[in-house]
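Read off the chains here:
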Amino acid sequence: MTALANHFLETLRGLFPGSLLVAVVTAAAFHAHSLPGLVGLSPVILAILLGMTYANVVGVNEACGPGIAFCARRVMRTAVALLGAQITVGDLMSFGWQGLVGIVAAVAVTLPVSYAVGRKLGVARDLSMLIATGSAVCGASAIAGVNTVIRAREDSVSYAVAVITLWGTVGLFAVPLLSDLLGLSAVQAGLWAGLSLHEVAQAVGAGFAGGDASGHAAVAMKLGRVLMLAGVIFALARAWRQSPGTMGERPRAVPEFLIAFLALCGLNSLGLLPDELRSAAVIATPLLLAASMAGLGMNTRFASLRALGHAPLWQGAVTFAVISGLGLLAAVWISDSATARGIATAVAATQQP
């Protein structure tokens, strides 16, 4: 028992310096999020940017390595698992079967098309897949989840996050503006934002820019895409595991954190998850995701990003055009259904005095 306790304490001592540094960078990211001009960027995105800046400008002491690696991998898996406590199967069905088809199509079409475009442009296999999943599913959270099974290099993860942040931010401003120019209804604009934009925060921001009806539609579609993350990770875990091009230790066919994700989602869908646990997950998830991204950022070097070239940016541009086009077509189609009209009416009624 004494030997076990000593080993535990020794491990904690090894993790402490790096974990403390990650905690400081994470706190700085949340503080920066409240500053004028940075509100539109989530703390998760700011954390990886600050981590990269710190590592490349100040430098990271070798003693911090184990703690940073722990946050970049173990903490990330915990954060992705906790996403399951915040969504339900009902999110997929908020707009009837038409909404479900739109959600599945946005992911099932965009992901392989984006990956094929990336490979055609010469983007490395793992980076191309990270950009494809981040764009098709839920931004940095999807990149974090998928990277636990494909195990890309830190610079590839950082570049992928930068690409989806760039084009998602373009969409944050473009979708509300184009919705007005195209004469879309509030519900159509919200559906388009939820089906097209990469980050949850981007979709919610663009959605509520058009009012409550638009915002609720955006949230429903976006959470439905988040729920698709489980299927994407499961499929990629099997594909990467069987691929002859996979280097090093192959991932498990069903990662443990994915089982936890599905279990929490199932309990939440059945109403069996205690409110206290669900509230704690809502608070903890962005903190843990930001910490894991800070760790990834501190393992990234600008020289490595420059070596990856401009092709990933073009992949992101084509992907954004594809999912935006699909999202717009699906939004118009879904909004014509009786289910959508009923939801829109109910939301509008709640706004009456």
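What you see is a predicted model; the values in this text were computed from it and never measured.

S.K.: How should I be thinking about helix H9 (residues 200–208) in this particular structure?
M.R.: Along an α-helix, a turn takes 3.6 residues, which lines up residues three or four apart on a common side. For H9, the full list of buried residues reads Gln202, Ala203, Ala206 and Gly207. Projection of H9 onto a plane perpendicular to its axis shows the buried side chains occupying an angular sector of 125°, all on one side. Looking at the buried residues of H9, the elements they touch are helix H7 (154–182), helix H8 (186–196) and helix H10 (212–227).

S.K.: Help me understand the packing of helix H3 (residues 65–82) against helix H12 (residues 256–269) in this model?
M.R.: Geometry of a packed helix pair, given as the angle between the helix axes and the separation of the axes. The contact between H3 and H12 brings their axes to 7 Å, and the two run at 25°. Classified by the angle their axes make, H3 and H12 are roughly parallel. Our pair here, H3 against H12, has a crossing hand that is right-handed. On H12, the residues touching Arg77, Val80, Ala81 and Leu82 of H3 are Phe257, Ala260, Phe261 and Leu264.

S.K.: When you look at the nonpolar core in this model, what are you seeing that I'm missing?
M.R.: The tendency in soluble globular proteins is for nonpolar side chains to be buried as a group. The biggest cluster of nonpolar side chains holds 71 residues, and the ones touching the most others in it are Leu130, Val137, Leu229, Ile233, Met293 and Met298. Residue contacts for Val137: discarding those within four places in its chain leaves Val107, Ala142, His198, Lys222, Arg225, Val226, Leu229 and Val232. Judged by nonpolar contacts, the second largest core, of 23 residues, contains Ala106, Ala203, Ala213 and Phe320.

S.K.: For this particular structure, what's the right way to read the side chain of Ser158?
M.R.: Mapped onto the elements, Ser158 comes out in helix H7. A relative accessible area of 2% places Ser158 in the buried class. Contact partners of Ser158, with chain neighbours within four places excluded, come to Ile48, Met52, Leu296, Gly297, Thr300 and Leu305.

S.K.: Any chance you could explain a nonpolar patch on the surface here in plain terms?
M.R.: Side chains of Met93, Trp97, Val101 and Trp333 sit close together on the surface and give an oily, nonpolar patch of about 420 Å² of accessible area. Topologically, Trp333 is positioned in helix H15 (residues 311–335). Residue Trp333 is classed as partly exposed on the basis of its relative accessible area, which comes to 37%.

S.K.: So what exactly am I meant to see when it comes to the confidence of the model for the protein here?
M.R.: Low pLDDT means the predicted coordinates in that region are not meant to be read closely. With 89% of its residues at a pLDDT of at least 70, the protein reaches an overall mean of 83. Across the protein, the element-wise mean pLDDT spans from 46 in helix H16 (residues 338–350) up to 94 in H15. Low pLDDT (under 50) marks residues 344–353, which in the prediction has 6 contacts with non-local residues, meaning those over four places away or in another chain.

S.K.: Would you take a moment to explain the environment of Gly145 for this structure?
M.R.: Looking at where Gly145 falls in the secondary structure, it is placed in helix H6 (residues 140–150). A sequence separation of 84 residues divides Gly145 from Leu229, and the C-alpha atoms of the two residues are 7.9 Å apart. Excluding its chain neighbours within four sequence positions, the residues that come into contact with Gly145 are Val80, Ile233 and Phe257.

Cut-offs applied
- Residues numbered from 1 in each chain as written.
- Predicted model: local features only at pLDDT ≥ 70, side-chain atom pairs only at ≥ 80, totals over all residues.
- Heavy atoms only, no water.
- Buried < 20%, exposed > 50% of the residue type's maximum accessible area, 1.4 Å probe, protein only.
- Helix = DSSP H or I, 4+ residues; strand = E, 2+ residues; numbered from the N terminus.
- Arc of directions from axis to C-beta.
- Contact = heavy atoms within 4.5 Å.
- Axes fitted to C-alpha atoms, helices over the stretch in contact; angles between N-to-C directions.
- Parallel < 35°, antiparallel > 145°, perpendicular 65-115°, else oblique.
- Left-handed = near helix turned anticlockwise from the far one by under 90°.
- Core = buried A, V, L, I, M, F, W, Y, C linked by side-chain atoms within 4.5 Å.
- Patch = residues over 30% accessible without salt bridge, like charges linked within 9 Å, V, L, I, M, F, W, Y side chains within 5 Å.
- Areas by Shrake-Rupley, 256 points an atom, 1.4 Å probe, with all protein chains shown as cover.
- Salt bridge = Lys/Arg side-chain N within 4 Å of Asp/Glu carboxyl O.
- pLDDT = per-residue confidence, 0-100.

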